[in-house]
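Observations on the model geometry
Spelled out from the first residue to the last, the chains are:
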Amino acid sequence: MCGGVTASLRRTGGVAGLAVRAALRTKTVAALLVLLAVCVAVLPGVVKGDGTPEGELQILLTYTLGFAFGILCLSTLWAACALFAAEIDNARMQLSAVKPVRAAEFWLGKWLALLCLNALVLAAVYAGVYGQMAWRMRRNGWAEADRPVSRHAAHPVLPTPKEEAREAYEVLRRQDALPKGMSKAAVLKTLEAKADEKYDVINPGEEVRWRFRLKRPVGVKKAEPVTVWIRFDTEFSTREHVTGVCSLSVAGQPERAVKVDLDDFTQNEIEFAVDTRAFTEGTTGTGGLRDFEVAFRHTGNAKRVSALMLRFRKDVELLTPGGTFGANLARAACVQWSVLALLAGFGLTLSACFSLPVAAFVATLLLALTLVGNSVVQAVSEDDEKEWGNRVGIWISRGVSAATRPAMRAEPLTALTRGERLEVDVLGRAALWNVVWLPALFAIAGCWVLRRRELADTD
Amino acid sequence: MAMDTKNVIETRGLKKTFLDFWRRPTVEAVKSLDLTVRQGEVFGLLGPNGSGKSTTIKMLLGLLHPTGGELRVLGARPDDMRAKARIGYLPEVSHLHPFLTPRETLRYYASLFGMTRVEAAKRTEELLAMVDLAQASDRAVGRFSKGMARRVGLAQALVNAPELLVLDEPTSGLDPIGCREVKDLVRILAKTGVTVLMTSHLLADVEDVCDRVAILDGGVLRAEGKIAELLRQPDAVRFLIEGLDDEAAESLRLELEARAGRRVRQDYPAMSLETFFLQVVAKEGRARDFALAPFLARPAAGQREGGTCAEA
Amino acid sequence: MVAFMTAQLTKTAGLRRTLRQLAAIAGTTVTESIQQPVAFLILLSAVLMTLLVPVFQFHRFSEDGRLARDSGLSCMLVFGLALAAGTAGRSVAEEIARGTAAAVIGKPVARATFLLAKWLGVLGVVALFWCGVTAATLVSERCSAHFLTRGDFTGYAADPVTLLLAFAGTGIALATAAVRHYMWRRRFGVSAFLGVMASQVLVAAVSGFYNRFGQLYPLVGEAACEGCGGGHAHGAARLVFYHPELNLRVLPVALLVLFALAVFSALATALATRLQTGAALAVCATALLFGLAGDSLWAVAPLLSVRGLAAGLLPDVQHFWLCDAIARGGQVAWRYVAEAGVYALTCCALFLTVGCAVFRERDLG
């Protein structure tokens, strides 16, 4: 049994080794590496920023990494599409297929090869970006406040969208107001999506409060900054001048609240940091701070200024120190690597099913549809849905989004730019969906086809 | 119908019809083929182009799926992993990975049999020496001549010391010396108990090494049997006398005609062009032999279960 | 005099033979290339992506038409680049590897003639692709929502009829190709490629027989020209029989994109003498990237520097990318198109000359 497993691993390793060698010895991969190197080395210098460290960071993290990742996505997908299809097409598969190698070993070997290559290339790209960033920080002498950070993000203590959806469903059921012709699951899904996007409207003169409970206490041994971050929109999406007072306090100690007057909302964002010493000085407790309260009062004139709107589940955060930025960069690389693993699996299965042009066509079209579908779902409103001409696009987008959301949920570049730490659960979910669960499904389908497919041409 | 598990290859009513995109039949490549290859024999599959030889071989190896009939290779279905571990295959065109060196190629195929690194390295060196490519073992196969690539292909077919060796046009692309070496190799392998199934357009090659042949035409088995039996002319006798001058020969011919009451033909035997060529290059000192030591020393078939192949 | 005449006649005969060789090799290249499934799939991808833009448009900022147009032209450039590199790779690199090129060069065909003919063949395939995608872009822009004001209607109006026709045309082209393949065993790729291209051109032409509300011509006055965006007035009593509401100002811009594709075809053909398809595609993509970023990269570089030399050697794709020029009723002058054509021709000549020099040294055995 053990010998069988060892032999199987050797065979898988042999297949993987061949694929890696093939990649390293082809000019296509060399050209791709040059393209990526150019992207990392040249792109940050080409794209014009706003001159601020924040802008430069945005270019490095969003444009450079985003562009490199885009190239890697396409090349991984197409390379995966070629791995079986090209070998079958040029008859090289015949020599391997007559050896005692299972379809699963072929699939796994080739997938592992792509994973290894992607890990190497992604590591090089991220190292290049990190190097660029360090060089720019030294060259331009960025202030401490401008340097990239990694922070835990806590959201207000509220019922989860799922819980709220269930409650709303019960209310509708009791009132006999459930929509006709929709299943329970569909109604719950709609209600959950609505709860997730729910807005708080803050009229001038009104105040709202949110409670936070941190997973990890802050200020246990040393003083640490606690950052309040709020993003909002004005009622009619105007850039009018809105004033307010924001306060941060430890739960149960309203007298120690730190208040910040705000009157420059041109970015529609509020961000300020408070040192934990403001709450701990003069106290004897050493257990650190875990429960906080954030309050916001709209102090504008009701006659001249419109209300503020914010999605309280997404747009209000309390940020606390969460490791180094370098480690967060590595975590972002891991998330992107997991997406590449998923694409590799998808491409390999298509490659087992179709010839190279057809596999590449299907893969590219589905990738484009996924990107468009997910953007459309985020942008579409209820009014859009009322027009019958829009419905086809919206239905397709929702279908695509529902199928791909688990895999696309983590947004590593957004988190990096906002200085939010990619938490273990995000990494775990990305690994589970993108490296284990979905590739396993693809592998089963791919192996099923490989076993049934004729691997030789006609006479 | 029950199939004899002692036969290395056995087919009953084997059919293969190729279909087009719309699942319509296009070519009936093999029509109800009954074939038996016994252990230890060298079996030749002959036929013109498009007769179904390669299709039959590809079905035996599990690369194509039969449309009908039964098929057993080494007592198992062609997709059985244990059976695959005991088969070696040299396709008509070698289809090697062009960027790999011969050494990497052989190690790769050895790894597919689950060999350890040490086993694979040892076997690779033996095979490289055998096919006389030790000097060129670090050059990419893509830059090799057809003959050299063929040698690498032959070496990969032997990497697992197979019990059944399937050779599709093994001498294609080889020079006369290479052809002779391959034929010698086949003979030696047969002596050690390896069953060989080969196809060839060069009938002389088949005649030289095969014990039995089958002739396919249009997907149908036209003839099958031992070569000596198939080629024998039962109503004719030939004498070979050395050192006889023309006059004595003529008088002998007349005497024989008078005795037999039939016409007697007289001719002068010539050596084959291959023999002549090999004699010439041997004089020049360029002829050489495969280093066949590993195969002469190999254990007989049936004693190698669980040998170099982990799953054998 | 006789000697001169003989020399001239010989020259003319030689030229004629070269032209015949060019036509034969280029024609074969076109036929062989569009037989490949990949050519048809690239065309289908570009056409579908262009036609899908109006389906996924939900925002009404009077930019729907522009978005559709820009997307169509982008698809034209990106997919066209892939098609050019792929076709060049298959018809040059693979023919060299297979020995087909050696068989041709073995005849009295100069290597330069061979390479030039291959480029013309690649260009022919790209031109067919361009026709289909240009028609799809025109249709896509027409189908996007336009803001209209007339007596009984004010608001955004799309053109679902034409969009349906365009999708149906694509479907019918594929079905026809399938039937031809099934009944007469004609090659699916060729029928589908030409069918999809022709269907888009046909839909663009047919859309001139009705307005965006689906009313058939002849119509009179305002109703005759709903949302054509032409900005012209119609006589109240004027009877209109045929009026394609297509933004024909796109044509010179699309022609510029074709010039860019011609340049990349030349680059890909030259590269294919030494590189495989994937590597040639990667180099072309890099050239496109640098070409588009040319303004930022090389604008201020002195001529005798690495950046300056790069600026001189790499094609400036910005010259061929003038989508913004027609954004708010603007027009690209035909004189500019002609000048850009000369620039493109110069780039092509440069790349092909380098390609010929490299190909001359290439072993074909």
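Predicted model, so just to flag it, every value in this text is computed and none were measured. (Residues numbered from 1 in each chain as written. Chains lettered and ligands numbered in written order. Predicted model: local features only at pLDDT ≥ 70, side-chain atom pairs only at ≥ 80, totals over all residues.)

Time to look at the overall build of chain B. On a plain count of helices and strands, chain B comes out with eleven helices and nine strands. Considering chain B as a whole, with its 312 residues, one finds that 41% of them fall into the buried category. Put simply, 70% of the contacts in chain B that link residues at least 6 apart link residues at least 24 apart. (Helix = DSSP H or I, 4+ residues; strand = E, 2+ residues; numbered from the N terminus. Buried ≥ 20, exposed ≤ 12 C-beta atoms within 10 Å, placed from the backbone. Contact = placed C-beta atoms within 7 Å.)

So, about the confidence of the model for chain A. Detailed reading of predicted coordinates is not advised where the pLDDT is low. With 96% of its residues at a pLDDT of 70 or more, chain A shows a mean pLDDT of 87. Averaged over each element, pLDDT in chain A is lowest for helix α11 (residues 382–386) of chain A (71) and highest for helix α9 (residues 325–353) of chain A (96). (pLDDT = per-residue confidence, 0-100.)

We now examine the nonpolar core. The biggest cluster of nonpolar side chains holds 263 residues, and the ones touching the most others in it are Cys81 of chain A together with Leu43, Val257, Ala280 and Cys284 of chain C. Setting aside its immediate chain neighbours within four residues, cysteine 284 of chain C contacts Leu81, Ala85, Phe264, Leu267 and Ala268 of chain C. Membership of the second largest hydrophobic core comes to 24 residues, among which are Phe212, Val226, Ile270 and Leu308 of chain A. (Core = buried A, V, L, I, M, F, W, Y, C linked by C-beta atoms within 7 Å.)

This part covers unusual backbone geometry. In the Ramachandran plot, glutamate 169 of chain B falls in the positive-phi region, its phi being about 50° despite a non-glycine side chain. Counting through the fold element by element, glutamate 169 of chain B comes out in the loop between β6 (164–168) and α6 (176–191). With 20 C-beta atoms counted inside 10 Å, the residue glutamate 169 of chain B sits in the buried group. A positive phi angle, near 55°, is found at arginine 185 of chain C, a position not held by glycine. Inspection of the secondary structure assignment puts arginine 185 of chain C in the loop between α6 (160–184) and α7 (188–206). By the C-beta count within 10 Å, which is 10 here, arginine 185 of chain C ends up exposed.

The interface is formed by 31 residues belonging to chain B together with 27 residues belonging to chain A. Looking at the side of chain B that touches chain A, the elements that each hand over two or more residues are β2 (25–37), α1 (53–60), α2 (81–84), β5 (87–90) and α3 (102–112) of chain B. Per element, the largest residue contribution to the side of chain B that touches chain A is four residues, and it comes from α3 of chain B.

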